[in-house]
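Structural description and commentary
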Amino acid sequence: IIIGVDAVDWLCGRLDMFDPFGVIGLLGFHFFFLAPLLHVYWDYWMSYITPPPDWRDWLGAMAALNVFGLIAYRFSRVWIARNIVHQRVSIVWDLNRARFYVVVIVALLATAALQVWVYATQGGVWGYIQAYVEGTGAFEGYGWIFMFSESFPTIALFGYVVYARDKNRYKSWVAIFFVIVIFFVLKLFFGGLRGSRSNTVWGLFLAAGVIHFWIRPLPRKIVPVALVFLVVFMYIYGIYKGAGLDVIEAINDREYRAELSYRTGRTIDVSILADLGRGDIQAFILYRMLTNQGDYQYSLGRTYVGAVSLLIPRSLWPDRPPTKVKEGTEAQYGAGSYIPGIWSSSRVYGLAGETMLNFSPLAVPVAFALFGLIVGCIRGYLTSWYPMDIRRLVFPLLVNFCFVILVGDSDNVLFFLIKNGSVPFMILYISSVRINYQKCVNLN
C-alpha cells in the first residue's frame, strides 16, 4: 500500500508518465510486493549458498524492515520536492541551435571513429563478440573509451529531437517508431554486443523519455507492450550473455532455446526476479546479519569508498580497495572467503542490501530517507525547469538514475551516472547559454 499508491496514481493519469514518483511506484510494487511472492510461488532462490531453514520467514522480516524504509522515503521525498517547487529556478539553459548542431556533428564523428577503432582492435565485429564470449579480459582498461564511443546513439537522438521539435512531418507516430527502432539497433552496435543489457535497456528508457518531453507525449497504453518487450529482450539477451551467438539458433528452435536457458541459468523467472528484484538476496543478507554469531564485520562505508576508487584506473592504483564484492562474499560465505582474483561473489545487493553490509539492518530506513531526498529533488526539477530549458533532455536519465539506486549498488550507480550522463551533459552544457528567465520571456 505504501508504495502502491504511487503506482495507482500513475495508472490513473494523476502523475506524468515519467514522473519519478510514479516510475518508482511501479517498480516498487514489483520490487517490494510481487517479486517476494513470486519467489515463493516459483520456488526460485539464489544458488550456491546455505539457505535459511524457511525463506518465507526472512522474506517477511525484510518486508517489515522495508515498511520503515518506505515510510522514511515518502516523508523525505515530499519535503524536498515541495521546497524545490517553492524555489522555482530563475536561470534557464537556453539552446544555441547553431552551436548545438556543430557540437553534435563533431561528437558523432568522434564517437563513431572511436567505436570503429574499438572493433578494429578486436579483429572486427566478430572478434569483438568472441572477446566478450570467451571472457579473456580484452576490454580491460576500455572504460573511459566506452564512455565516449557508446554515447553515439544518445547524441544522435538529441540531434533528432531538437531538429524535429518544430517540424510536424518528423513527429508522426510512424516516424517516432522508426527512430526508436534505429536507436535500438545503434545501441546494440555501440556497446550492446559486449553483453551489456543495461546499455540497451536504459538507452531505450532515455529515448522514450526524451521523445515524450520534446516531441509529443507518449500514450500510457504502450507501457504493457514495452514491459513485455523488456522481459523478452532481457531473457534472450541473458542467453546471449551465457551462450554467445548460439542465441540466434535458439530464437528459431524452441527446444534448443529451452536447453540453453537451463544450461546458462537464463530463464524467464531469472529475468523477472533476479534482474528486476532483490527479494531473495536481501532476505538472505538479513538472515546472515542476524544469525551469524558475530562472524561478519560491518564494512562501515568501505564499499562506497571502493566504488569511488573505480574512477582511478588500476594502472595508476593497482591496490585500490575492493567494491562491495569483498563484503558481499563474506556475508554469504563467511569471513576470509573473499580471495581477490580467485574467489568472489558478483551479486548485486540493491540499496537496502548494501546498506546492511555497511551499517547493519538498522540503517536501512536512513538509506531510504536519503533515497527519498534524491527522488524528491529530481521530481522537483520536473516542475521547476521551464519547458524551454534544454536540461529537460536529460530528465529521463535522472529518473532512470532513481531506478538504478534502488536496485543497484554504489559501483553500479556511479558507473551509470558517469558513463551515461557525462557526455550528454557536456553536449548540453557547451550548446546552451544560461540566461535569466524573465529575459528569456522578453526575447520570446
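Quick caveat: nothing in here was measured; it's all calculated off a predicted structure.

Some remarks on the layout of surface pockets
Taken as a whole, the second largest pocket encloses approximately 1,600 Å³ of empty space. In terms of lining residues, the second largest pocket is bounded by 42 residues, among which Ile222, Val223, Ala226, Leu227 and Leu230 are the most central. Secondary-structure elements contributing two or more residues to the lining of the second largest pocket are helix H1 (4-11), helix H2 (20-42), helix H8 (173-189), helix H9 (197-214), helix H10 (222-243) and helix H19 (395-407). Per element, the largest residue contribution to the lining of the second largest pocket is 11 residues, and it comes from H10. Tallied by class, residues from the lining of the second largest pocket come to 39 nonpolar, 2 polar and 1 charged.

Section: empty space enclosed by the protein
Taken as a whole and assessed by the stated rule, the structure comprises 1 cavity of 30 Å³ or more. Put simply, the largest cavity is a space of about 140 Å³. Forming the walls of the largest cavity are 18 residues, and the residues nearest its centre are Thr154, Lys187, Leu206, Leu397 and Asn420. Here the lining of the largest cavity gets 5 residues from one element, more than from any other, and that element is H9. Broken down by class, the residue content of the lining of the largest cavity amounts to 9 nonpolar, 6 polar and 3 charged.

Quick word on a nonpolar patch on the surface
Together, Trp144, Val308, Leu311, Ile312, Leu316 and Trp317 make up an exposed nonpolar region whose accessible area comes to about 570 Å². Relative to the helices and strands, Ile312 is located in the loop between helix H15 (302-309) and helix H16 (324-333).

Things to note about helix H4 (residues 97-121)
With 25 residues, H4 extends 36 Å from end C-alpha to end C-alpha; this agrees with the ideal 36 Å at 1.5 Å per step. Listed as buried for H4 are Phe100, Val103, Val104, Ala107, Leu108, Thr111, Gln115, Val118 and Tyr119. Phi turns positive one or two residues past the end of H4, at Gly123, with a value near 85 degrees.

Here we look at the nonpolar core
Grouped together as the largest cluster of nonpolar side chains are 101 residues, with contacts concentrated most on Val161, Phe368, Phe371 and Leu393. When residues of this core are assigned to their parent elements, the largest contribution, 11 residues, is made by H19. Tyr119, Tyr128, Tyr132 and Leu193 belong to the second largest nonpolar core, which has 10 residues in total.

Structural notes on H15
Taken as a whole, H15 has its buried residues at Thr303, Gly306, Ala307 and Ser309. Seen along its axis, H15 keeps its buried residues to an arc of 160 degrees; they face one direction. Elements that come into contact with the buried residues of H15 comprise H16, helix H17 (350-359) and helix H20 (410-430).

Points about unusual backbone geometry
Although it is not a glycine, Asp43 sits at a positive phi angle of roughly 55 degrees. Classification of Asp43 as exposed rests on a relative accessible area of 58%. In this structure, Tyr48 takes a positive phi of about 65 degrees despite not being glycine. With respect to the helices and strands, Tyr48 occurs in the loop between H2 and helix H3 (55-86).

Some details on the pattern of salt bridges
Enumeration according to the criterion identifies 12 salt bridges in this entry. In this structure, the salt-bridge partner of Glu150 is Lys419, at a minimum N-O distance of 2.8 Å. You can see Glu150 sitting in the loop between helix H6 (143-149) and helix H7 (152-164) and its partner Lys419 sitting in helix H20, a full 269 residues away along the chain. For the pair Glu150 and Lys419, one class covers both residues: buried. Measuring nitrogen to oxygen at the nearest pair gives 3.5 Å for the salt bridge that ties Glu330 to Lys326. Placement of the pair is Glu330 and Lys326 together in helix H16, with a separation of 4 residues, close to one helical turn. Classification of Lys326 by relative accessible area gives partly exposed; the value is 25%.

Here we look at the confidence of the model for the chain
Per-chain confidence: the chain averages 85 in pLDDT, with 87% of residues scoring 70 or above. Of all secondary-structure elements in the chain, the lowest mean pLDDT belongs to helix H21 (residues 437-443), at 55, while H17 reaches the highest, 95.

Re the packing of aromatic side chains
This structure, assessed with the given rule, holds 28 aromatic pairs. Note on Phe32 and Phe368: the rings are 6.0 Å apart at their centroids and 50 degrees apart in plane angle, and the pair reads as tilted. You can see Phe32 sitting in helix H2 and its partner Phe368 sitting in helix H18 (residues 364-384), a full 336 residues away along the chain. Ring centres of Tyr163 and Tyr170 lie 5.7 Å apart, and the angle between their planes is 55 degrees; this geometry places the pair in the tilted category. Look at Tyr163 and you get partly exposed, because its relative accessible area is 37%. Look at Tyr170 and you get partly exposed, because its relative accessible area is 28%. Following the ring pairs from residue to residue traces out a cluster consisting of Phe18, Phe205, Phe213, Tyr381, Trp385 and Phe395. The positively charged end of Arg77 is found above the aromatic ring belonging to Phe21, 3.9 Å away from the centroid.

Conventions we followed
Residues numbered from 1 in each chain as written. Predicted model: local features only at pLDDT ≥ 70, side-chain atom pairs only at ≥ 80, totals over all residues. Heavy atoms only, no water. 1 Å grid on protein atoms, 1.4 Å probe; cavity = no way out; pocket = protein on both sides within 12 Å on 5 of 7 lines; lining within 4 Å. Points joined across faces, edges and corners; volume = space filled by probe spheres on them. Helix = DSSP H or I, 4+ residues; strand = E, 2+ residues; numbered from the N terminus. Nonpolar A, V, L, I, M, F, W, Y, C, P; charged D, E, K, R; others polar. Patch = residues over 30% accessible without salt bridge, like charges linked within 9 Å, V, L, I, M, F, W, Y side chains within 5 Å. Areas by Shrake-Rupley, 256 points an atom, 1.4 Å probe, with all protein chains shown as cover. Salt bridge = Lys/Arg side-chain N within 4 Å of Asp/Glu carboxyl O. Expected span 1.5 Å × (residues − 1). Buried < 20%, exposed > 50% of the residue type's maximum accessible area, 1.4 Å probe, protein only. Core = buried A, V, L, I, M, F, W, Y, C linked by side-chain atoms within 4.5 Å. Arc of directions from axis to C-beta. Contact = heavy atoms within 4.5 Å. pLDDT = per-residue confidence, 0-100. Phe/Tyr/Trp six-rings, centres within 6.5 Å; stacked < 30°, edge-to-face > 60°. Lys NZ or Arg CZ within 6 Å of the ring centre and 35° of its normal.

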